[in-house]
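The lines below spell out each chain.
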Amino acid sequence: MKKALFSVMIFAAAAWAQVSEPIEVPYIPYEIKTGKGFDAVQGNCLTCHSFGYIINQGPQSHEFWNEKVVKMIKAFKAPITDTDAATITEYLFTYYGNGQEK
Amino acid sequence: MERRDFFKKSLTAAAALAAADTLNGATTRQPIDNRKISSIAFPEKRPLITYSDRPPLLESPRETFSKAITPNDEFFVRWHMPEIPTMIDPETYTIHINGLVKQELHISLNALKTDYEQVEITAVLQCGGNSRSAFQPTAGGIQWGNGAMGCAKWKGVRLRDILNRAGLNKEAAWIGFNGMDNAAYYETPNFVRELHLDELDDHVILAYEMNGEDLPYLNGYPVRLIIPGYYSDSWVKMISNITVTSEYQKLFFMDVAYRVPDNDCECETPDNKFKPTKPITNMNVKSVIGYPTSNTVVYSNSHVVVRGVAFDDGHGIRDVLVSTDGGKSWAPSLLDKDAGRYAFRAFRFSFKPNKIGRVTIMAKAINRLGNEQPFAQDIKWNHGGYKYNGIDSVTIEVI
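Description of the overall build of chain B
No. 1: Secondary structure summary: chain B contains 4 helices and 26 strands in total.
No. 2: Expected size for 399 residues packed as a compact globule is a radius of gyration near 21 Å; at 22 Å, chain B falls within 12% of this value.
No. 3: Counting only C-alpha atoms and orienting by the principal axes, one finds that chain B spans roughly 70 × 55 × 45 Å.
No. 4: Burial analysis of chain B (399 residues in total) assigns 57% to the buried set.
No. 5: Here the contacts in chain B between residues at least 6 apart in sequence split such that 72% fall between residues at least 24 apart.
No. 6: A total accessible area of about 16,200 Å² is found for chain B, and carbon and sulfur atoms account for 49% of it.
No. 7: Taking the average place of the 45 positive charges on the side chains of chain B and the average place of its 47 negative ones, the gap between the two points comes to 5 Å.

This is the structure:
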């Protein structure tokens, strides 16, 4: 009886937090198109977000992708060089564009 | 090594995007439906539609919305920053209240649960960009279907009680909320949100419990802000700091993101974007069908019970009408019991299909103000793809 009570108490303590060890968010290998400019995408974008975040924006205009890259630099302070920024924009429009300038 | 093995076993979970039309004019259609559920489950979740792992972006499938309460392991997930604490010690976790207060507070989880009146509220949490994939041309942002929403029973403490305990100075006007999530770069602005004191009512709580359990990590363990009636962009997760100020602080996530045109239709065209803009704040009336899903096959003359959920920003649902002829005629559904004006109102509708072939079922919610959902194609475009609330539609096959 004493023993049973003890194990109930242990259980209660463990149950206080649903998770008592670090959680691990799984890595998802999103399939992204490789091609001209991909190295710059891999070198800059993955620091903050997955490829999923890119490809799940849907097909977008040249202006849209340019604005997104500018936002990463201006609003989110990503240290992307001017050369890389231009390369990334062209890559995104080539492989995830909608064919429209605006 | 272990992690690498896990990567190898992982299957690709990229969501297939339907080929988008590239129309010059702006149009709206039904959001993309029936996206593939990932084979990989995230912590404390069952496998969901998975747009990103960093930051985690998970959507509930349509089937989830045949229930008035969304189970914690089916509840959608949306973070902005890549660095989320993966371990929180509930013994030492502290929420700091500072700024223009008479006395700063440092509230432990235990104090939150014992030193204040405990309250519960059932409320819908919906991303402002839920259903964004309905907008054409493609609006900026994750192309969500209808599943960036859920409804839970939240338990916690009124924010007002905490602010009263701290005591507000005369000049106090704005409250800023910051969580434990961080950017990869130190210079990146934090995901800080602000509420004006006038926006604060007794329904705004700091919640530590969701449907009778600890909040899942991915929904903001151990404490998040609950603002019933508002879109979830202000429901800050893993809340660690509350700062009272006299002046509105200029913040990226307040001034640039989550805004719609400040005109009557809250609309604009891709070629002529409207200024000024306003925050998305209150949710509009909406319903989603949980069953049947598209391509469900039923026999002619069999009993079909359509089920779904409806909600608005707290006025409450008066009616949900259902059409089984593609929107030509409508009949009232049965509403389940009311779990509070901010909750999902479950509805059901029985019918016997007697025509062979494809049958389109639609649901249209009407709130107590008389506001009703428009047809998808009548919803006007906005650049962020926010606040879509078109009449939901599924097409089944009758054999």
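Here we look at the overall build of chain A
No. 1: From N to C terminus, chain A includes 5 helices and 0 strands.
No. 2: Listing every helix and strand of chain A by position from the N terminus yields α-α-α-α-α.
No. 3: Counting every position in chain A, which comprises 102 residues, the buried fraction comes to 41%.
No. 4: Of the contacts formed within chain A by residues at least 6 apart in sequence, a portion of 65% connects residues at least 24 apart.
No. 5: About 6,000 Å² of surface is accessible on chain A, with carbon and sulfur atoms providing 61% of the total.

Here we look at the packing of helix H4 (residues 62–74) of chain A against helix H5 (residues 82–96) of chain A
Residues and elements named next belong to chain A.
No. 1: The geometry of H4 relative to H5 is characterised by a closest axis approach of 9 Å and an angle of 140° between their N-to-C directions. Between H4 and H5, the angle is such that the two are oblique. Where H4 crosses over H5, the handedness of that crossing is right-handed. From H4, His62, Trp65, Asn66, Val69 and Ile73 reach across to H5, where they touch Ala85, Ile88, Thr89, Glu90, Leu92, Phe93 and Tyr96.
No. 2: For the contact of H4 with H5, the class distribution of residues is 8 nonpolar, 3 polar and 1 charged.

Some remarks on the packing of aromatic side chains
No. 1: Applying the stated rule across the entire model yields 18 aromatic pairs over all chains.
No. 2: When the centroid spacing of 4.9 Å and the interplanar angle of 40° are considered together, the rings of Tyr91(A) and Tyr95(A) count as tilted. A residue pair is termed a helical-turn pair when its members lie 3 or 4 positions apart in one helix, as Tyr91(A) and Tyr95(A) do in helix H5 at 4 residues.
No. 3: Tyr95(A) gets classed as partly exposed once you look at its relative accessible area, which sits at 25%.
No. 4: The interplanar angle of 55° and the centroid separation of 6.3 Å between the aromatic rings of Trp330(B) and Phe375(B) together place this pair among those described as tilted. In this pair, Trp330(B) sits in the loop between strand E21 (317–323) and strand E22 (331–332) while Phe375(B) sits in the loop between strand E25 (357–367) and strand E26 (392–398), placing the two residues 45 residues apart along the sequence.
No. 5: On the accessibility criterion, Phe375(B) (27% relative accessible area) is partly exposed.
No. 6: Positioned over the ring face of Tyr116(B) is Arg165(B), at 4.1 Å from the centre of the ring.

Some thoughts on the interface of chain A and chain B
No. 1: In this assembly, 39 residues from chain A lie in contact with 52 residues from chain B.
No. 2: Across the interface of chain A and chain B, roughly 4,000 Å² is buried in total on both sides, 60% from carbon and sulfur atoms.
No. 3: Where chain A meets chain B, there are 0 salt bridges.
No. 4: Viewed at the interface, chain B and chain A are joined by 15 residue pairs in polar contact (both at pLDDT 80 or more).
No. 5: Looking at the side of chain A that touches chain B, the elements with two or more residues in it are helix H3 (51–55) and H4 of chain A.
No. 6: Residue composition of the side of chain A that touches chain B, by class: 21 nonpolar, 12 polar and 6 charged.

About the thresholds
Residues numbered from 1 in each chain as written. Chains lettered and ligands numbered in written order. Predicted model: local features only at pLDDT ≥ 70, side-chain atom pairs only at ≥ 80, totals over all residues. Heavy atoms only, no water. Helix = DSSP H or I, 4+ residues; strand = E, 2+ residues; numbered from the N terminus. Rg over C-alpha atoms; globule rule 2.2 N^0.38 Å. Buried < 20%, exposed > 50% of the residue type's maximum accessible area, 1.4 Å probe, protein only. Contact = heavy atoms within 4.5 Å. Areas by Shrake-Rupley, 256 points an atom, 1.4 Å probe, with all protein chains shown as cover. Lys, Arg positive; Asp, Glu negative; His and termini not counted. Charge placed at Lys NZ, Arg CZ, Asp CG, Glu CD. Axes fitted to C-alpha atoms, helices over the stretch in contact; angles between N-to-C directions. Parallel < 35°, antiparallel > 145°, perpendicular 65-115°, else oblique. Left-handed = near helix turned anticlockwise from the far one by under 90°. Nonpolar A, V, L, I, M, F, W, Y, C, P; charged D, E, K, R; others polar. Phe/Tyr/Trp six-rings, centres within 6.5 Å; stacked < 30°, edge-to-face > 60°. Lys NZ or Arg CZ within 6 Å of the ring centre and 35° of its normal. Buried area = accessible area lost by both parts, 1.4 Å probe. Salt bridge = Lys/Arg side-chain N within 4 Å of Asp/Glu carboxyl O. Polar contact = N/O pair within 3.5 Å; in protein donor to acceptor, adjacent residues only side chain to side chain.

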